[in-house]
Amino acid sequence: MERLNGKIAIVTGASSGIGLETARLFAREGARLVVNARREAELDALVAEIEATGGEAVAVVGDASEADVAETLVRTAIERFGGLDIAFNNIGATGDPGPVFDVSIDAWHAVLDTNLTSAFLGAKYQIPAMLERGGGSIVFTSTFVGHTVGFPGMVAYAASKAGLVGLTQVLASEFGARNIRVNAILPGGTDTPMGRATANTPEARAFIEGLHALKRMAKPEEIARSVLHLASDEASFTTGTAVLVDGGVSITRT
Ligand code: NAP
């Protein structure tokens, strides 16, 4: 049985990595999709792939930390498919790693805009559309960094991603009575272009793998399956949570 049959979903950061695999999985599970990222060719290829297998998807190209793009995503879901049930607000950027005194104010704002302001704007426009449908499910992509593990050199990334957990809790309590669930997913090291930018030498990769209890990085499909669970009615009593899907990086000391 398709777990998202009849559902309409937004997936941001769908041109690569976790967002791409989640969009593919959502489509296989019957959702009609509005997909977003800044790279048009990658999004067009995803839409063509989904349509080739009988699914429905439309691309909205642009920076999801800008209000007009966040609004267009929702408007497109309504105009093209008739409403909005699910939103996976997934875009992220680490910024350049380094000590706090080397982080410029512009670099700080850039990371907060991408990771946190985009999520606020997503919720701002998505929730009214979900209320029209009588409920919905929002998932934000946070991380273990800044939640269970202090990772040196990532002040803006950690602060912005920890902010998503606060946003999740407030929105979940604000809209739970109106049948909107809001959760954050916290991946461990994941084998995507972002993950590989950190695990960029055999030694760095071995080090990162060794931090996890499972002694490997996740495949993006493994994160996508947990997003599907949170987004779908299978997680009907789960809201306001920060769900670690982190291969045990948070509990490993050896
Ligand atoms: P990725 O493969 O680099 O994908 C990042 C995606 O975000 C791309 O599709 C990128 O597309 C999009 N994006 C970035 N900024 C954007 C913007 N301003 N507007 C629209 N799209 C934007 O990395 P990933 O690992 O899948 O990352 C997905 C999420 O997981 C991020 O939030 C990341 O922080 C989080 N995460 C990753 C890891 C890991 O180890 N990989 C661990 C924990 C959490 P365009 O470049 O085409 O815009």
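Residues numbered from 1 in each chain as written. Predicted model: local features only at pLDDT ≥ 70, side-chain atom pairs only at ≥ 80, totals over all residues. Heavy atoms only, no water.

## Points about the overall build of the chain
Along its length, the chain carries 8 helices and 7 strands. For 254 residues, the compact-globule estimate of 2.2 N^0.38 gives 18 Å, and the chain sits close to it at 17 Å. Projecting the C-alpha coordinates of the chain onto the three principal axes gives extents of approximately 50 × 35 × 35 Å. Partitioning the contacts of the chain with sequence separation of at least 6, the portion at a separation of at least 24 is 73%. Accessible surface, the chain: about 11,700 Å² in total, of which carbon and sulfur atoms supply 55%. Once the 21 positive and 29 negative side-chain charges of the chain are each reduced to a mean point, those two points are 6 Å apart. (Helix = DSSP H or I, 4+ residues; strand = E, 2+ residues; numbered from the N terminus. Rg over C-alpha atoms; globule rule 2.2 N^0.38 Å. Contact = heavy atoms within 4.5 Å. Areas by Shrake-Rupley, 256 points an atom, 1.4 Å probe, with all protein chains shown as cover. Lys, Arg positive; Asp, Glu negative; His and termini not counted. Charge placed at Lys NZ, Arg CZ, Asp CG, Glu CD.)

## Focus on the pairing of strand β1 (residues 8-12)
With 5 of 5 residues buried, β1 lies mostly within the body of the structure. By the alternation rule, side chains of β1 split into Ile 8, Ile 10 and Thr 12 and Ala 9 and Val 11, which are all buried. Sheet analysis places β1 next to strand β2 (residues 32-37), joined by 5 bridges and oriented parallel. Bridging from a neighbouring strand, Ala 9 pairs with Leu 33 of β2. Direction of pairing for β1 relative to strand β4 (residues 86-89): parallel, over a ladder of 3 bridges. Bridge pairing in β4 places Ala 9 opposite Ile 86. (Buried < 20%, exposed > 50% of the residue type's maximum accessible area, 1.4 Å probe, protein only. Pairing = 2+ DSSP bridges.)

## What about the site of the ligand?
Taken together, the neighbourhood of the ligand is formed by 30 residues, with Ser 16, Arg 38, Tyr 157, Lys 161 and Thr 192 sitting nearest. Between the ligand and the protein, one listed contact pairs an oxygen atom with a backbone N or O atom of Gly 92 at 3.4 Å. For the ligand, an oxygen atom lies 2.6 Å from a polar atom in the side chain of Thr 192. Its free accessible area being 880 Å², the ligand has 93% of it covered by the protein chains. Going through the elements one at a time, α1 (17-28), β2, α5 (155-175) and α6 (193-198) are the ones with two or more residues in the shell around the ligand. Looking at the shell around the ligand element by element, the count peaks at 3 residues for α6. (Near = heavy atom within 4 Å. Polar contact = N/O pair within 3.5 Å; in protein donor to acceptor, adjacent residues only side chain to side chain.)

## Remarks on the pattern of salt bridges
This structure, assessed with the given rule, holds 12 salt bridges. As a salt-bridge pair, Arg 39 and Glu 42 come within 3.9 Å of each other at their nearest N and O atoms. Taking the relative accessible area as the measure of exposure, Arg 39 reaches 44% and is therefore partly exposed. Take Glu 42: its relative accessible area is 33%, and that puts it in the partly exposed class. Two residues, Arg 196 and Asp 191, come together in a salt bridge whose shortest N-O distance is 2.6 Å. (Salt bridge = Lys/Arg side-chain N within 4 Å of Asp/Glu carboxyl O.)

## What to know about the environment of Lys 124
Looking at where Lys 124 falls in the secondary structure, it is placed in helix α4 (residues 105-133). Separated by 31 residues in sequence, Lys 124 and Ala 93 place their C-alpha atoms 21 Å apart.

## Notes on a nonpolar patch on the surface
Among the surface-exposed residues, Val 100, Phe 101 and Val 155 lie close enough to one another that they form a single nonpolar patch of about 320 Å² accessible area. Position of Val 155 among the secondary structure elements: in helix α5. Since its relative accessible area comes to 35%, Val 155 is described here as partly exposed. (Patch = residues over 30% accessible without salt bridge, like charges linked within 9 Å, V, L, I, M, F, W, Y side chains within 5 Å.)

## Side note on unusual backbone geometry
With phi around 70°, Asn 179 is a residue other than glycine that occupies positive phi space. Inspection of the secondary structure assignment puts Asn 179 in the loop between α5 and β6 (180-187). You can call Asn 179 partly exposed: its relative accessible area is 49%. A positive phi angle is found at Lys 215, which is not glycine, with a value near 60°. Position of Lys 215 relative to the elements: it lies in the loop between α7 (202-211) and α8 (220-231). Assessed through its relative accessible area of 43%, Lys 215 is described here as partly exposed.

## A look at the sheet that holds strand β5 (residues 136-141)
Reading across the sheet, the 7 strands line up as β3-β2-β1-β4-β5-β6-β7 and stay open at both edges, with parallel pairing between neighbours. Unpaired on one side and paired on the other, β3 (57-61) and β7 (242-245) mark the two borders of the sheet. Each neighbouring strand pair of the sheet contributes to a mean axis angle of 20°, computed without reference to strand direction. Lying on the sheet, helix α2 (residues 40-52) is in contact with β2 and β3; it crosses β3 at an angle near 175°. α4 rests against β1, β4, β5 and β6 of the sheet, and its axis sits at about 165° to β5. (Axes fitted to C-alpha atoms, helices over the stretch in contact; angles between N-to-C directions.)

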